[in-house]
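Inside the fold
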Amino acid sequence: MRILFVCMGNICRSPTAEAVMRALLRAEGLEQAIAIDSAGTGGWHAGDPPDARAVATARSRDLVVEGAARAVTAEDFERFDLVLAMDRDNERDLLARAPDDAARAKVRLLREFDPAAVAAGDLDVPDPYYGGPNGFEHVLDLVEAACRGLLDDVRPAGAT
């Protein structure tokens, strides 16, 4: 199983989701069974490190947000089993880029895996880039809940 997390610039939300999921996979011994990565719908931050506010917020919860921003490529739709958008705008961009119906079927919203978000009808992870530090805390809360649900959904049969 291969999962790609996608936001707009790949410096805040998607690397945060990647860090959360990596920690969950590590805790369950599933790092070899489930591969993850992150990307952005835009390439203007390509090569940049994650936003320092996202890094600091994650660090306060013993999570490591790292890597270099990159843009989604056509090959990503072939390489990944799930392409998880952080919000509806990202989802719309991904669906427009997907080369065929099979690729479009891989595109979902991350918060679809959080039953509370589904029940509330609120499936977007808001972009914290232009807000204050509380926005990054809120994003981390949302992403943690969604990634727990995602792990339950993709956990290999027989794994606990």
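Refer to the structure above for everything that follows.
**Focus: the sheet that holds strand S1 (residues 2-7)**
Strand order in the open sheet formed by four strands is S2-S1-S3-S4, with parallel pairing between adjacent strands. At either end of the open sheet lies a strand with only one pairing partner, and these are strand S2 (35-40) and strand S4 (107-109). Averaged over neighbouring strand pairs, the angle between their axes works out to 30° when direction is ignored. Sheet topology note: the S1/strand S3 (residues 82-85) ladder contains four bridges and is parallel. Pairing of Leu4 across the sheet is with Val83, part of S3. Where helix H4 (residues 88-97) meets the sheet, its contacts fall on S1, S3 and S4, and the angle it forms with S4 comes to roughly 175°. This element, helix H7 (residues 133-154), spans S1 and S3 of the sheet and lies at about 155° to S1.

Conventions used here
Residues numbered from 1 in each chain as written. Predicted model: local features only at pLDDT ≥ 70, side-chain atom pairs only at ≥ 80, totals over all residues. Heavy atoms only, no water. Pairing = 2+ DSSP bridges. Helix = DSSP H or I, 4+ residues; strand = E, 2+ residues; numbered from the N terminus. Axes fitted to C-alpha atoms, helices over the stretch in contact; angles between N-to-C directions. Contact = heavy atoms within 4.5 Å.

Keep in mind these values describe shape, not function.
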